[in-house]
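# Topology and contacts: notes
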Amino acid sequence: MGLIQSIATACGADCDTVPPEYRVTLLGKRGGYFEGIKSILTFEDDCISFALKQGTLFVYGRGLALGKYCDGDVAVTGDIQRVERA
Amino acid sequence: MKEKMLYERYEITGLNREYLLNALARRQIPVYYVKKIQKNKVRLTISASSRKKLFAFLDGSCYNVKKVRTFGCGHPFVLLKKRLGIVVGIAIFFAVVMVFSRVMLDVKYVGSGAVYATEIDRALEDGGVKRYSFFSSWDNKEIERKLFALGKFSFVSVSRKGMRLVVRTELTGTPPSILERGQTQMTAVEGGVVVSLKVLRGTPLVKVGDTVKRGDVVVSGAYTAGEEQKEGAVLATLVLSCTAQVVCPLPSSEEEKDAAMIFAKHVVAEFGEITGCNAQEEGGEYVVTITYQRTQFGG
């Protein structure tokens, strides 16, 4: 069982049958990987906001950039300090 | 070369960069390393295979595009493809070098035996060595054996140096005699014609072209100091052109004649440098006459 699946199971979510609306994986100070992104709302050095199916996801940090963006997946590089959902 | 291995980096200037990124994502154009570098400018990378899609989208839009660079594993191949002439030139150059590095262009004669360059050349030709032929077309050991068979050399080495064939030969023969210090006169050790006489100390009694017999005094140590006759040590070099005859049994074939000639040369080579050779039948014998130059040091 993978790490993500273990976390999902612990949270009571079944990833195989019901895929999550979005998923965030943080990689320390090097950035993070965001899945289930509908579109990019704002793109700045210190804040990137993503539109989700329901709501908005804000990523705050320093020197933020996009490592990859396609198929609803976004790799954000830089020092991510905070992630908020609204 | 697949374009998937190639990436192109662009700088795109225009308002609403978020719209640009979302539009590219909607058109299935993956973007990489997106960074805002100015207020209205982003730098992004796309796969070279998505180039057409990108420009199809940007055509007629309000974005200015500038290609910054191309990179990826396939980039060197793209560069080579662009500069096909240079690649072909380099390939031809290496091909020519490869071919010519196997060809012998010249023969270099090294060592004291180099004076026999003509004879060495003949032996090389017998062994199949020709200029502008491949090094692999002969065997160096075989050539060395042929040169040894000449009977003139005590050491023979045939080797390759670059595109040259180096033939090192050392003559058979006695080294020049050591000077005898305190000798008050110099006498000819052999009869012959004086070819050269260099006197550093003493008085020469013969000149070039004179014929001397064995034991003749060629340089005297006598000199006059004021009114007094004195005698001192001489220091001189004498080169004599001598003739030697080697009598052999009458040969029955050309091979035996050659063998007699080689034998005669071998015998005389110990005394000096051979300059000429002649053979004739006399009274039922085969007489080989050899002319050689003998160098004598006196002092």
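The present account deals with the structure reproduced in this document. What you are looking at is a predicted structure, and each value in this text was computed from that prediction instead of being measured.

Quick notes on the rules
Residues numbered from 1 in each chain as written. Chains lettered and ligands numbered in written order. Predicted model: local features only at pLDDT ≥ 70, side-chain atom pairs only at ≥ 80, totals over all residues. Heavy atoms only, no water. Patch = residues over 30% accessible without salt bridge, like charges linked within 9 Å, V, L, I, M, F, W, Y side chains within 5 Å. Areas by Shrake-Rupley, 256 points an atom, 1.4 Å probe, with all protein chains shown as cover. Salt bridge = Lys/Arg side-chain N within 4 Å of Asp/Glu carboxyl O. Helix = DSSP H or I, 4+ residues; strand = E, 2+ residues; numbered from the N terminus. Contact = heavy atoms within 4.5 Å. Buried area = accessible area lost by both parts, 1.4 Å probe. Polar contact = N/O pair within 3.5 Å; in protein donor to acceptor, adjacent residues only side chain to side chain. Pairing = 2+ DSSP bridges. Buried < 20%, exposed > 50% of the residue type's maximum accessible area, 1.4 Å probe, protein only. Phe/Tyr/Trp six-rings, centres within 6.5 Å; stacked < 30°, edge-to-face > 60°. Lys NZ or Arg CZ within 6 Å of the ring centre and 35° of its normal.

All names here are of chain B. A cluster of nonpolar residues, Leu-84, Val-88, Ile-92, Val-96, Met-98, Val-99, Phe-100, Leu-105, Tyr-132, Phe-134 and Met-163, forms a patch on the protein surface that exposes about 1,000 Å² of accessible area. Of all the elements, helix H4 (residues 84-100) adds the most residues to the nonpolar patch, at 7 residues. Inspection of the secondary structure puts Leu-84 in helix H4.

Counting residues at the interface gives 15 residues for chain B and 15 residues for chain A. Across the chain B/chain A interface, buried area totals approximately 1,300 Å², and carbon plus sulfur atoms make up 51% of it. Counting the surface chain B buries against chain A, the share from its top three residues, Glu-18, Asn-22 and Lys-36 of chain B, is 35%. Residue Lys-36 of chain B pairs with Glu-44 of chain A through a salt bridge whose shortest N-O separation is 2.5 Å. At the boundary of chain B with chain A, the tally comes to 10 residue pairs in polar contact (both at pLDDT 80 or more).

Another point: the sheet that holds strand E18 (residues 273-282) of chain B. All names here are of chain B. Judged by pairing direction, the sheet is antiparallel, and its 5 strands sit side by side in the order E13-E11-E17-E19-E18 without closing on themselves. The open sheet has two edge strands with one neighbour each: strand E13 (211-212) and E18. Pairing between strand E11 (residues 192-201) and strand E17 (residues 235-249): 7 bridges, direction antiparallel. Opposite Ser-196, over in E17, you have Val-239 as the bridge partner.

Once that is clear, we can look at the environment of Lys-39 of chain B. Structurally, Lys-39 of chain B can be placed in the loop between strand E2 (31-38) and strand E3 (41-47). On the accessibility criterion, Lys-39 of chain B (68% relative accessible area) is exposed.

On to the pattern of salt bridges, then. Should their charged atoms come close, side chains of opposite charge can pair. Under the criterion given, the structure shown has 18 salt bridges over all chains. Among the salt bridges present, the one from Glu-44 of chain A reaches Arg-17 of chain B, with a minimum N-O distance of 2.9 Å. With one member in each of two chains, Glu-44 of chain A in the loop between strand E3 (39-43) and strand E4 (47-51) and Arg-17 of chain B in helix H1 (residues 17-26) form a pair that bridges those chains. The exposure class assigned to Arg-17 of chain B is buried, which follows from its relative accessible area of 9%. Between Lys-141 of chain B and Glu-144 of chain B there is a salt bridge, with the nearest N and O atoms lying 3.9 Å from each other. Of this pair, Lys-141 of chain B and Glu-144 of chain B both sit in helix H6 (residues 140-149), separated by 3 residues, roughly a single helical turn. Taking the relative accessible area as the measure of exposure, Lys-141 of chain B reaches 52% and is therefore exposed.

All names here are of chain B. Within the fold, Ser-47 resides in strand E3. What makes Ser-47 buried here is its relative accessible area of 9%. One polar contact links Ser-47 to Ser-49, side chain to side chain, over a distance of 2.9 Å.

All names here are of chain B. One open sheet accounts for 3 strands, arranged E10-E14-E12; its pairing is antiparallel. Two strands lie at the open edges of the sheet, namely strand E10 (185-187) and strand E12 (203-204), each paired on one side alone. Where E12 lies against strand E14 (residues 217-220), 2 bridges are found, and the strand directions are antiparallel. Bridged to Thr-203 within E14 is Ser-220.

Moving on, we get to the packing of aromatic side chains. Geometrically, a pair of aromatic rings is defined through the distance of the ring centres and the angle of the planes. Evaluation of the coordinates by the stated rule reveals 10 aromatic pairs over all chains. Taking 6.2 Å as the distance between ring centres and 15 degrees as the angle between the ring planes, the aromatic pair formed by Phe-58 of chain A and Tyr-60 of chain A counts as stacked. What makes Phe-58 of chain A partly exposed here is its relative accessible area of 24%. Since its relative accessible area comes to 23%, Tyr-60 of chain A is described here as partly exposed. Between the aromatic rings of Phe-93 of chain B and Phe-94 of chain B, the centroid separation amounts to 5.5 Å while the plane-to-plane angle is 75 degrees, which identifies the pairing as edge-to-face. The structure contains a cluster of three or more aromatic residues connected by ring pairs, namely Tyr-7, Tyr-32, Tyr-33 and Phe-71 of chain B. Residue placement shows Arg-82 of chain A over the ring face of Tyr-60 of chain A; its charged tip is 4.2 Å from the ring centre. If you follow Arg-160 of chain B out to its NZ or CZ, it ends over the ring of Phe-135 of chain B, 4.2 Å from the centre.

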